[in-house]
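# Breakdown of the fold
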Amino acid sequence: MADATELAPPTVRRSWWTRLPVVSQLRQSIGLQRGMLIAGLVLAAIFVLAAVFAPLLAPYGYSQLRDAAGTFGAQQPPSAEHLLGTTVGGYDVLSRVIWGSRTALLVIVVAVTASILVGVLLGLISGYFGGWLDRVLVMIADAIYAFPSLLLAIVLAIVISGGQSSMWGGIFAAALSITVIFIPQYLRVTRSEVIRIKSEAFVESARVIGAGHVRIMSRHVLRNSTRTLPLILTLNASEAILTLAGLGFLGFGIEPTAAAEWGYDLNKSLSDVTAGIWWTSIFPGLAIVLVVLGLTLVGESLNDLADPRLRKRAAGPEPVEDLGVELPAGQQEGEQR
Amino acid sequence: MTTTVEQPAPETTSKGGGSLGRYIAVRALLIIPTVFILVTTVFVLMRTTGDPITASQGGRLPPEQLAERIHAAGYDRPILVQYWDYLTGILHGDFGTTLSDHRPVTEVLTTFGTATLELAIYALIVAFLLGIPLGRLAAFHRDKAPDAVLRVLAILAYATPVFFAGLMLKLVFSVWLNVLPVAGRASTRTELTLQKVDNPTGIYLVDALRTGDPAVIGDVLTHAVLPALTLGLLTAGVFLRLVRTNVISTFGAGYVEAARSRGVAERRLLRKHAYKPALIPIVTVIGLQIALLLGGAVLTETTFEWKGLGFQLAQYLQARDFVAVQGIVAVLAVIVAVTNFIVDIIAALIDPRVRY
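Remember, predicted model here, so these are calculated numbers, not experimental data. (Residues numbered from 1 in each chain as written. Chains lettered and ligands numbered in written order. Predicted model: local features only at pLDDT ≥ 70, side-chain atom pairs only at ≥ 80, totals over all residues. Heavy atoms only, no water.)

## Topic: the overall build of chain A
If you tally the helices and strands in chain A, you get 14 helices and two strands. The long-range fraction of contacts in chain A, counting pairs at least 24 apart against all pairs at least 6 apart in sequence, stands at 72%. Accessible area of chain A: about 14600 Å², with a carbon and sulfur share of 66%. (Helix = DSSP H or I, 4+ residues; strand = E, 2+ residues; numbered from the N terminus. Contact = heavy atoms within 4.5 Å. Areas by Shrake-Rupley, 256 points an atom, 1.4 Å probe, with all protein chains shown as cover.)

Quick look at the structure:
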C-alpha cells in the first residue's frame, strides 16, 4: 500500500496540511475517484454543519408542539409555517430532521472514539504479545463479528438504558452498543499491522537498545500501525448511523422529548405511509441516506486510493502490475474485511 | 468494505484428500466455542440489568407479588446456578419459555422461522440476479459511465436503511400505484386456504403450490415482491461491489494477461477466463451476509408485518419480554454459527486454497 508519492524520488518537503490523511488523498486522486471523494466530503461537511448549527438552522425546537399561534397540529402537509409538514405526534418535520443530525453526530463521535481506544489497545496487546491471550481475543472478536450487529446492539441497548431514556442516556446506549460491534474490527486491523511491524528491524533495534515493552509499543509500533484507521473510521461512522436508526426504528431510540432521532421518526411514520402521508417518512429517511452516502463515498474513495490495484494514476498507462512486479499485497487483504 | 480475491497460500500439506476431512473436523469443533461465547455474552449482558420479571412487570405489581414470581421462576438463585441451568438447557435444545405468552422459544422458532427462511431465500435470489451480472458489467466497463452509475447505485443500496427502502417501495407501489399489497405474507382468504393444507411446511409458496390454485399462488407471490426487493437490494449492492472488485483483479491476473497477448477478445476474456474465478470469494462472503441478512430481516419484517422471527422479536421487545429476546438471540447465534460452518465447507470444496 506504499504511497505513490513516497516512492517517488525525494522532492521538496510538502507543507503539513497536504500530508493530512484526507487532504493528501484528495490531491492524489483524479477523475471519477476525485469526484466521488469531493461529493462525499461535501455531504459530510453539510451534515457536520447542520449538527453544529442546529439551534440556528431549525425553525422550531425538536420537541416543540406549539408556538404563539397555537398548536402545530398533527400530520399537517408541508406549508409556509412548516416547510416539511408535521409528524403524527405534532412535531415540525424540518426541525426534527435538523436536530436529528446533532444526535447522529454525537453518537458517531462517542462510538468511534470509544471503539478506537479499546479496539486499538486490545489489538496492540494481542498482536504484540501473541500467545494464548491473542488466540482468545481473536476468537471472541470473530464470534462477535459474525453475529448480526443489530441484534447485539438491541441486547446492549436493553442493558445500558433499559430500552428508553433521556438524551445522553440514549446517546450513550446507542453509541456503546455500536462500540462493542466495532471493537473486533479495530482489534483485527491493528493486530495484523502490529504483527507485520513487530518483526521489522527498527523494532528489533529498539529492543536491543533496551527499550521496555510499553515504550516499544507506544513509540515504535503504535505510530506505524494506524495507517488504515481513517478508512475504517469513515465506514464505521456510516454504520453507526444505520445502527442508531435501526435501534430507533425498533423502538429503542431516544424519546422524542429528549432529542430528535431519525429512526424513531421513521418508526412513527410507518402507519402514515399506508395512509399516503409521505412527508413524515421521506425527509428523515433522506437525511440518513445522504449522510451515510457521504461518509461511504469518502471511505470508498480512501479505500480505492489506498489499494494500488484500484487506484487510477494521474499520468501514464496502467500501473505497476503490468510490469509484472509482485505487489506486497498479502497482509493488506482480507483484513479490511 | 471491499473484499478482494484471496491470495493463493503457499502449499503446506501435500496430503491431498485427507486434508479436507481434517479441515471439516477442525471447523466443526470451532462452532462450539463460537456458540458458547455468544450465548454467554448474551446471558451475562441480559442479566446485569437484573431479572427479566422485574424488567417486564416492575412497577405494575406490588413488591410481594413480584418477589413471589421471581422466586417461582428461580431468578433469586445464585447467578452461576442459573447460568449452569441455562447452558444445560441449551444443550438439550431448551432455549427457555417466553414470559408474555408462555411458549417455548423453540416453538416460536419452528412457527416463525420458516417465514424468515422464505424471505431470506427470496432476498438472496434477488441479490444474485441483480448483484452478480451488474457487478460483472461494472468491471467490464471499468471507470466508464456504466461503472460510475452502478457503483453509485451500489453505495446507495448500502446507504439506504432497509426499513426506509421498504417504506418508499410501499409508498410508491402499494399506496400511489396501488399494484401490490401493503403488508403481510398473504391476504386473509389465502391464509385460511393455506391453513387447510395438511402438513403445512410454513413456507407459503410451497404450500400454495400444493393447493394448485393459481389465485392463491399469485396472492402469495405478490405479497412477497416488496419485502424480497427491500431485503434483496441491500445484499445486491454488496454482491455488486464484490464481483466488480474481483473481476477487476482477475482481469489483471497473469493467465488472463497471457490469453490477452494471444489475441483473445476482451468479451471472451471476461466470459471464459476472468469471470468464474472471481465468483469463488463470493461463496466465502455469503457466510458474512447471513448476519447482515438476519439483521435486515428483523427490520424488513417489521416494516411489512411479515410474521417471521424478526417480527416476533420486535413484538417481544415491545412487550419487554427479555426471556424471549434472550432465547431468540441465542437460537440465532446457533443458526449463524452453523450456516457459517456450512458455507466454509462449501468454499473449501470449491476452492482447495481455503483448506489449511
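## Topic: the interface of chain A and chain B
Each partner contributes residues to the interface: chain A has 56 residues there, and chain B has 58 residues. Summed over both sides, the interface between chain A and chain B buries roughly 5400 Å², with carbon and sulfur atoms accounting for 75% of that surface. Where chain A touches chain B, the interface holds zero salt bridges. The interface formed by chain A and chain B contains zero residue pairs in polar contact (both at pLDDT 80 or more). Elements with a contribution of two residues or more to the side of chain A that touches chain B: α3 (31–52), α6 (131–146), α7 (149–161), α11 (229–249), α13 (270–274) and α14 (279–306) of chain A. The element best represented in the side of chain A that touches chain B is α14(A), accounting for 13 residues. Looking at the side of chain A that touches chain B residue by residue, the classes come out as 35 nonpolar, twelve polar and nine charged. (Buried area = accessible area lost by both parts, 1.4 Å probe. Salt bridge = Lys/Arg side-chain N within 4 Å of Asp/Glu carboxyl O. Polar contact = N/O pair within 3.5 Å; in protein donor to acceptor, adjacent residues only side chain to side chain. Nonpolar A, V, L, I, M, F, W, Y, C, P; charged D, E, K, R; others polar.)

## Focus: the UniProt feature "transmembrane region" (unreviewed entry) in chain A
All names here are of chain A. As annotated by UniProt and renumbered to match this structure, "transmembrane region" (unreviewed entry) occupies residues 36–58, 104–129, 136–160, 166–187, 229–254 and 277–299. Between the first and last C-alpha atoms of residues 104–129 the distance is 37 Å; the span itself is 100% helix and 0% strand. For the annotated span residues 277–299, helix accounts for 91% and strand for 0% of the residues, and the straight-line distance between the end C-alpha atoms is 35 Å. (UniProt positions renumbered as here; feature names shortened; annotations may be inferred.)

## Section: a nonpolar patch on the surface
Residue and element names in this part refer to chain A. On the surface, Val48, Leu49, Val52, Phe53, Leu56 and Leu57 cluster together into a nonpolar patch covering about 570 Å² of accessible area. Broken down by secondary-structure element, the contributors of at least two residues to the nonpolar patch are α3 and α4 (54–57). Among the elements that line the nonpolar patch, the one with the most residues is α3, at three residues. Relative to the assigned elements, Leu57 resides in helix α4. (Patch = residues over 30% accessible without salt bridge, like charges linked within 9 Å, V, L, I, M, F, W, Y side chains within 5 Å.)

## A look at the UniProt feature "transmembrane region" (unreviewed entry) in chain B
Residues and elements named next belong to chain B. Per the UniProt entry, the sites bearing "transmembrane region" (unreviewed entry) are residues 24–46, 119–140, 152–177, 220–240, 278–299 and 323–350 in this numbering. As a span, residues 24–46 carries 100% helix and 0% strand, and end to end its C-alpha atoms are 33 Å apart. Between the end C-alpha atoms of residues 152–177 there is a gap of 27 Å, over a span that is 88% helix and 0% strand.

## Remarks on the pattern of salt bridges
Pairing between side chains of opposite charge can happen when the charged atoms of each approach one another. Inspection of every chain in the model, using the stated rule, returns five salt bridges over all chains. As a salt-bridge pair, Arg96(A) and Asp265(A) come within 3.0 Å of each other at their nearest N and O atoms. Placement of Arg96(A) in helix α5 (residues 93–129) and of Asp265(A) in helix α12 (residues 262–268) is noted, with a sequence separation of 169 residues between them. Overall, the relative accessible area of 1% leaves Arg96(A) in the buried class. A residue is classified by how much of its surface remains accessible, and Asp265(A), at 9% relative accessible area, is buried. A salt bridge links Arg103(B) to Glu107(B); the nearest nitrogen and oxygen atoms lie 3.2 Å apart. Here Glu107(B) falls in the partly exposed class, since its relative accessible area comes to 36%. (Buried < 20%, exposed > 50% of the residue type's maximum accessible area, 1.4 Å probe, protein only.)

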